[in-house]
Amino acid sequence: MRNNPEFDWRTIGALNTVSALSQVGQFGIAFVMLPVWLAGQGLDAKQLGLFAASLWLGQLPGLALAPWLSQRFGCKPVIVSGLFCTILALLGMAVAAWPFWLLGGVLAGFGLGLRWIGLEPWLYHIAPAHARGRLVGFHETLIALAPIVAPVMASYFGLHGLAVFWIGIVFTLASLVPLAFARSPGAEMALRPTQHAKPSPGKPGRDRIFKLGVAIALLGGMMEAAVSGLFALFAQGRGIPVSQAADLLAVFGLGGLLMQYGVGWLADHRGVGTAALVCALGTIFVAVGLTQPLNHVWLVVAVFLLGGLITAFLTLALIASTMTSTGSIAKNVSMMSMLYTVSAIAGPLMAGATMKATNADALMWFTAAAALAMVCALAWLVITKVPSAVRLP
């Protein structure tokens, strides 16, 4: 049992714990709460859009280099390097000012990219094949704790001092402890073709299910980055104070936490395409609803649903990357993650410029338009009869 990677539950548990802890510092603080903190420092929509884009831009070299580095040095050193990059970025930003915060954003994103690809292909490779969608959903559920924990802790310790940076540093450092309990897979695992993927008849698997993942990644990344990076300004435009915006971001994260396993289940039983279509249609409905006058209860419900629906797109893109029958998991996850990140760079820039030219509600109209484009892309894949576009084999 110990030598069978499919049943190495100690490593599976350790890697999930590493993700849950490090995601608080690397994503919950850097990607979700730092834009709120920076809004409190007086940055406008265009500047916040640039900062949000810098985070995703920094991910690209991390995502691209991580498979090669994992093959050469092993997964653990790559993960550790990514964690320390984020710690260095947070320390630097705590003593810097605009525009040097952009450099901190690039370095923080680079660290997240290294940890992401150093860890997740390793985890998915040792996952039971029959439940990989649910494992991805469970893993995404755990890391969805980050957008809940980070706002709650930042709100408790205060958003006007440097506490937000220390919270990120402590959680990132803490993730090194469970990492020590993971059994190293060896450097060669990183680029080994998955032994669980089922080849599909006809064209190569990447030509089929990978097309679906690409559509989800390109539009899903745009939506998530825009909403997470600019939500504080959307809230300000609605007359919501910074402290309440932090609470709403926690609700946003709670939606992602509670809905990801269900998304994984839906992908396992009805296919990635069906799950993506449900999430895209739901995103349109909720985003348009958020542009209307809402009382507090309906506002909380809408933010909760939006968090779950938008977070699901990354889950679905990753599931698609693990189901293709060609290439290694590390390369497939890296490629899909890079596509997601490229679109995430454009999202805040486009939405931020639109908000500055119009009003805060433009963020939700932008999100609804991107979700509508995803619906059209999924419909095109079905109409052209791309195999596995709706239901996975």
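Here we summarise the structure given alongside this text.

Basis of the calculations
Residues take numbers from 1 onward in each chain, read along the sequence in its written order. Side-chain atom pairs in this predicted model are given and counted only at pLDDT of 80 or more, local residue features only at pLDDT of at least 70, and totals for whole chains, interfaces and linings cover all residues. Values reported for side chains reflect all heavy atoms of the structure, with hydrogen atoms and water molecules removed beforehand. By definition, any uninterrupted DSSP run of H or I lasting at least four residues is a helix, any uninterrupted run of E lasting at least two residues is a strand, and each is numbered from the N terminus. Exposure classes here rest on a 1.4 Å probe applied to the protein chains alone. A residue is buried below 20% of its type maximum, exposed above 50%, and partly exposed in between. Here, two residues are considered to be in contact whenever any of their heavy atoms come within 4.5 Å of each other. Note on areas: these come from Shrake-Rupley sampling with a 1.4 Å probe, and a residue is covered only by the protein chains present in the view. Any Lys or Arg side-chain nitrogen located within 4 Å of an Asp or Glu carboxyl oxygen qualifies as a salt bridge. Side-chain atoms within 4.5 Å are what join buried Ala, Val, Leu, Ile, Met, Phe, Trp, Tyr and Cys residues into a set we call a nonpolar core. Within the patch definition used here, like charges are joined within 9 Å and nonpolar side chains (Val, Leu, Ile, Met, Phe, Trp, Tyr) within 5 Å, considering only residues with over 30% relative accessible area and no salt bridge. Only the six-membered ring of Trp is used, alongside the rings of Phe and Tyr, when aromatic pairs are assigned; centres must lie within 6.5 Å, and planes under 30 degrees apart are stacked while those over 60 apart are edge-to-face, with the rest tilted. Any helix carries an expected span of 1.5 Å times its number of residues minus one. Throughout, an axis means a line fitted to C-alpha atoms (over the contacting stretch in the case of helices), and angles, computed between N-to-C directions, take values from 0 to 180 degrees. Orientation categories follow fixed angle ranges, with anything under 35 degrees roughly parallel, anything over 145 roughly antiparallel, 65 to 115 roughly perpendicular, and all other angles oblique. By convention the crossing between two helices is left-handed if the near helix lies anticlockwise of the far one by an angle smaller than a right angle, and right-handed if it lies clockwise. Three classes are used: nonpolar for Ala, Val, Leu, Ile, Met, Phe, Trp, Tyr, Cys and Pro, charged for Asp, Glu, Lys and Arg, and polar for all others, with Gly counted as polar.

**Let's talk about the overall build of the protein**
Stage number 1. Looking only at helices and strands, the protein has 14 helices and zero strands in total.
Stage number 2. For the protein, the α and β elements follow one another from N to C terminus as α-α-α-α-α-α-α-α-α-α-α-α-α-α.
Stage number 3. Put simply, the protein has 393 residues, and 59% of those count as buried.
Stage number 4. Across the protein, every contact between residues at least 6 apart in sequence was considered, and the portion connecting residues at least 24 apart equals 87%.
Stage number 5. On the protein, roughly 14,700 Å² of surface is accessible, and the fraction owed to carbon and sulfur atoms is 71%.

**Observations regarding the pattern of salt bridges**
Stage number 1. For the structure on display, the rule yields one salt bridge.
Stage number 2. A salt bridge links Arg238 to Asp361; the nearest nitrogen and oxygen atoms lie 3.1 Å apart. Placement of Arg238 in the loop between α9 (209-237) and α10 (242-270) and of Asp361 in the loop between α13 (329-357) and α14 (362-383) is noted, with a sequence separation of 123 residues between them.

**Considerations on the nonpolar core**
Stage number 1. Met33, Leu34, Trp56, Ile216, Phe231, Leu290 and Leu316 are the most contacted members of the largest nonpolar core, which has 127 residues in total.
Stage number 2. Sort the elements by how many residues they give to this core and α9 lands first, with 17 residues.
Stage number 3. Excluding residues within four positions of it along the chain, Met33 makes contact with Gly28, Ala150, Pro151, Ala154, Leu159, Val164, Ala246 and Leu249.

**A short note on a nonpolar patch on the surface**
Stage number 1. Judged by side-chain polarity, Leu294, Val297, Trp298, Val301 and Leu305 come together as a nonpolar surface patch covering roughly 450 Å² of accessible area.
Stage number 2. Along the polypeptide, Val297 turns up in helix α12 (residues 296-323).
Stage number 3. Using a relative accessible area of 57% as the deciding quantity, one classes Val297 as exposed.

**Some remarks on the packing of aromatic side chains**
Think of a pair of aromatic rings as described by two things: how far the centres are apart, and how the planes are tilted against each other in angle.
Stage number 1. Within the structure shown, the criterion is met by two aromatic pairs.
Stage number 2. On the basis of an interplanar angle of 25° and a centroid distance of 5.1 Å, the ring pair of Phe27 and Phe31 is categorised as stacked. Remark: Phe31 and Phe27 occur in helix α1 (residues 9-40); sequence separation between them is four residues, near one turn of the helix.
Stage number 3. Relative accessible area serves as the criterion here: at 8%, Phe27 is assigned to the buried category.

**Some remarks on the environment of Gly92**
Stage number 1. By the secondary structure assignment, Gly92 is in helix α3 (residues 75-95).
Stage number 2. As for Gly92 and Leu107, which are separated by 15 residues in sequence, their C-alpha atoms are 9.8 Å apart.

**Notes on the side chain of Thr283**
Stage number 1. Assignment of secondary structure puts Thr283 in helix α11 (residues 272-290).
Stage number 2. Leaving out residues up to four positions away in the same chain, Thr283 has contacts with Met223, Leu306, Leu309, Ile310, Phe313, Thr367 and Ala371.

**What to know about α3**
Stage number 1. Taking 1.5 Å as the rise per residue, α3 with 21 residues should run 30 Å; its terminal C-alpha atoms sit 32 Å apart, in good agreement.
Stage number 2. Those residues of α3 not exposed but buried are Cys75, Val78, Ile79, Gly82, Leu83, Cys85, Thr86, Ile87, Ala89, Leu90 and Met93.

**Some points on the packing of α3 against helix α4 (residues 101-125)**
Axes are the key here: two packed helices are described by the angle between their axes and the distance separating the axes.
Stage number 1. Relative orientation of the contacting elements α3 and α4 amounts to 160°, with a least axis distance of 8 Å. Comparing their axes, α4 and α3 come out roughly antiparallel. Of the two elements, α3 crosses α4, and the hand of that crossing is left-handed.
Stage number 2. The residue makeup of the contact of α3 with α4, split by class, is 16 nonpolar, seven polar and two charged.

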